[in-house]
Amino acid sequence: MTAPFNKFNSTVDALSKKLLNLSSDTMKVVFTNAAPVATNVAYTDLTSEVANGNGYTTGGLATTPTLSNSSGTEKLVCVNVTLTATGAVGPFRYVVLIDATATGHELIGWWDYGSSISLANGDTFTVSFDATNGVLTIA
């Protein structure tokens, strides 16, 4: 299932203040069942994160970011992340992209999958990033 990307209001501000380095910082996806708010800024603003264990790690699962520039438009692309449950995981409805290197673990954006998802032992869930259009573009 593809879910629409929602950018946090603070993302551009954090970029302009050099709080984020999208080309070299560690990016993670955090699974939560509580709706993020566009005005959230940091990882600590998130609530109802999926419990640690059974394939999920508190603080999120790492992805590898890549930046490219074409005609003055910067594009962030991330490597897909697959969670394989080794027991029950969830429920979660939202997947949040954070910069885990930034001091406040700044939030970048989130995806809303429309309804809560629970994984049983052996189930997989893949966060599929758009390789063509990127996670986000800055023009």
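Rules behind the numbers
The written sequence of each chain sets the order in which its residues are numbered from 1. It should be noted that, the model being predicted, local features are given only for residues of pLDDT at least 70 and side-chain atom pairs only at 80 or more, the latter also being counted only at that level, while totals for whole chains, interfaces and linings use all residues. To get the side-chain values, take all heavy atoms of the structure and skip hydrogens and water. Should a side-chain nitrogen of Lys or Arg be within 4 Å of a carboxyl oxygen of Asp or Glu, the pair is scored as a salt bridge. Remark: exposure states derive from per-residue accessible area (1.4 Å probe, protein chains only) relative to the maximum for the residue type, with buried under 20%, exposed over 50%, and partly exposed in between. Per the convention used, a helix needs a DSSP run of H or I reaching at least four residues, while a strand needs a run of E reaching at least two, with both numbered from the N terminus. Any pair of N or O atoms that falls within 3.5 Å is considered a polar contact. Within protein, one atom must be able to donate a hydrogen and the other to accept it, and sequence-neighbouring residues count only if both atoms are side-chain atoms. The criterion used for residue contact is that any of the two residues' heavy atoms lie within 4.5 Å.

Engineer: I tried to follow the pattern of salt bridges on my own but got confused; where do I start?
Structural biologist: Side-chain pairing between opposite charges can occur once the charged atoms of the two side chains come close. The final tally for this structure, using the stated rule, is 2 salt bridges. Of the charged contacts in the structure, one is a salt bridge between aspartate 13 and lysine 17, with a shortest N-O distance of 3.2 Å. Given a relative accessible area of 38%, aspartate 13 falls into the partly exposed group. A relative accessible area of 51% means that lysine 17 is categorised as exposed. A salt bridge links arginine 93 to aspartate 112, with the shortest nitrogen-to-oxygen separation between them at 2.7 Å. Remark: aspartate 112 occurs in strand β8 (residues 107-119) and arginine 93 occurs in strand β7 (residues 89-99); sequence separation between them is 19 residues. Looking at arginine 93, the relative accessible area reads 25%, which means it is partly exposed.

Engineer: Would you mind going over the side chain of aspartate 99 with me for this structure?
Structural biologist: Take aspartate 99: it is sitting in strand β7. Side-chain polar atoms of aspartate 99 contact the backbone nitrogen of threonine 101, separated by 2.9 Å. Within the local environment of aspartate 99, its side chain forms a polar contact with the backbone nitrogen of alanine 102, the two atoms lying 3.0 Å apart. Aspartate 99 has contacts with Leu19, Leu20, Asn21, Asp25, Thr26, Met27, His105, Glu106 and Ile108, leaving out every residue within four places of it along the chain.

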